[in-house]
Amino acid sequence: MTTNVLILCTHNSARSVLSEGMLNHWAARSGKDVHAYSAGSAPSGRINPHAIEALSAAGVDTAEFRSKSWDEFTQPGAPQMRVVITVCDSAAAEQCPYWPGSPVKVHWGYPDPSNAPDAGKAQAFELTRQAIGYRMLQLAQLPFDRMSDAELQAALVAISRS
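This report concerns the structure included in the present document.

The rules behind these values
- Along every chain, residues carry numbers that run from 1 in the direction the sequence is written.
- Where local features are concerned, this predicted model is filtered to residues with pLDDT of at least 70; where side-chain atom pairs are given and counted, the filter is 80 or more; whole-chain, interface and lining totals use all residues.
- Hydrogens and water are ignored here; the side-chain numbers use all heavy atoms of the structure.
- To define a nonpolar core, start from buried Ala, Val, Leu, Ile, Met, Phe, Trp, Tyr and Cys residues and group those joined through side-chain atoms within 4.5 Å.
- Relative accessibility under 20% of the residue-type maximum defines a buried residue, over 50% an exposed one, and the middle range a partly exposed one, all with a 1.4 Å probe and only protein chains included.
- Each helix is a run of H or I in the DSSP string that is no shorter than four residues. Each strand is a run of E no shorter than two, and both are numbered from the N terminus.
- Contacts between residues were defined by any pair of non-hydrogen atoms, one from each residue, lying within 4.5 Å.
- Two strands form a pair only when DSSP identifies at least two bridges running between them.
- Orienting the strands away from the viewer, one traces the path from the first strand over the helix to the second; a clockwise path indicates a right-handed crossover.
- To estimate how far a helix should extend, the number of its residues minus one is multiplied by 1.5 Å.
- The salt bridge criterion pairs a side-chain nitrogen of Lys or Arg with a carboxyl oxygen of Asp or Glu, the two atoms within 4 Å.
- Here a polar contact is taken to be a pair of N or O atoms separated by no more than 3.5 Å, where protein atoms must pair a possible hydrogen donor with a possible acceptor and residues adjacent in sequence count only if both atoms sit in side chains.

Regarding the nonpolar core
For step 1, the next point in the chain: Residues I85, W108, M136, L139, L142 and L156 are the most contacted members of the largest nonpolar core, which totals 35 residues.
For step 2, the next point in the chain: Contributing elements (two or more residues each) for this core: β1 (3-9), α1 (15-30), β2 (34-40), α2 (49-57), β3 (83-86), β4 (104-107), α3 (121-140) and α4 (149-160).
For step 3, the next point in the chain: Dropping the residues within four chain positions of it, L139 is found in contact with L23, I85, W108, F144, L156 and I159.
For step 4, the next point in the chain: Ranked by size, the runner-up nonpolar core spans eight residues in total, among them L8, Y37, M81 and V84.

A few points about the pairing of β4
For step 1, the next point in the chain: Covered by surrounding structure in β4 are V104 and V106 only, the residues K105 and H107 on the alternate face being uncovered.
For step 2, the next point in the chain: Examined bridge by bridge, β3 and β4 share four bridges and lie parallel to one another. Following the sheet pairing, I85 is matched in β4 by V106.

As for the pairing of β1
For step 1, the next point in the chain: Across the seven residues of β1, seven count as buried, placing the element largely inside the fold.
For step 2, the next point in the chain: Neither face of β1 is left uncovered, since the one carrying T3, V5, I7 and C9 and the one carrying N4, L6 and L8 both have all their residues buried.
For step 3, the next point in the chain: Bridge count between β1 and β2: seven bridges; the pairing is parallel. Residue pairing across strands places L8 opposite A39, the latter belonging to β2.
For step 4, the next point in the chain: For the crossover from β1 across α1 to β2, the handedness is right-handed.

Overview of the environment of A28
For step 1, the next point in the chain: You can see A28 is positioned in helix α1.
For step 2, the next point in the chain: As a C-alpha pair, A28 and E53 span 25 residues in sequence and 20 Å in three-dimensional space.

Digging into α3
For step 1, the next point in the chain: Taking 1.5 Å per residue, 20 residues should reach 28 Å; α3 reaches 27 Å between its end C-alpha atoms and fits that length.
For step 2, the next point in the chain: Looking only at α3, the buried set comprises K121, A124, F125, T128, R129, I132, G133, R135, M136, Q138, L139 and A140.
For step 3, the next point in the chain: Along its buried surface, α3 packs onto β1, α1, α2, β3 and α4.

Structural notes on the pattern of salt bridges
For step 1, the next point in the chain: Using the criterion set out here, one finds six salt bridges in the structure.
For step 2, the next point in the chain: E20 is the salt-bridge partner of K68, the closest N and O atoms lying 3.4 Å from each other. A residue pair is termed long-range when its members are at least 10 positions apart, and K68 in the loop between α2 and β3 and E20 in helix α1 qualify at 48 residues.
For step 3, the next point in the chain: The class of E20 is buried, set by a relative accessible area of 10%.
For step 4, the next point in the chain: With its nearest N and O atoms 2.9 Å apart, the salt bridge here joins D149 to R82.

Considerations on the environment of D61
For step 1, the next point in the chain: With respect to the helices, strands and loops of the structure, D61 is situated in the loop between α2 and β3.
For step 2, the next point in the chain: On the basis of relative accessibility, which here comes to 61%, the residue D61 falls in the exposed class.
For step 3, the next point in the chain: When the C-alpha positions of D61 and G21 are compared, they lie 7.9 Å apart, and in sequence the two are 40 residues distant.
For step 4, the next point in the chain: There is a polar contact of 3.0 Å between the side chain of D61 and the backbone nitrogen of A63.

Structure follows, in structure tokens:
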């Protein structure tokens, strides 16, 4: 059974998109039955081109990527999410979305690379992709099918400390 992971931020243009791309990339490379989705509570309607560039440079196929509202995942027939991860920057007083109803939730905050100065924006996106990618690699390696929700929650908290 596929483990579905929803990654939320506010605009679904940078961090959540980087997360979706990296988790699906690592899951496919390791043969894991995990599928990531990303969405925003107030989607911008576009993905930051620097996010697409950083993912493409890492070998991630971004052809089907689009900015999505979390409303898509509340509709009948939407995939059932086992895990919800928020990636907004609560340290910057950024409002993180709240998702009711998923058994396993964790917050992995990252500063928004979109706020970097123009001259350093591409590097900020690449560094953010690397940081997110490291956690997503650890997530993709978990034995989801053998873990209870409580064990998975504990594993996600442990990953957040690494």
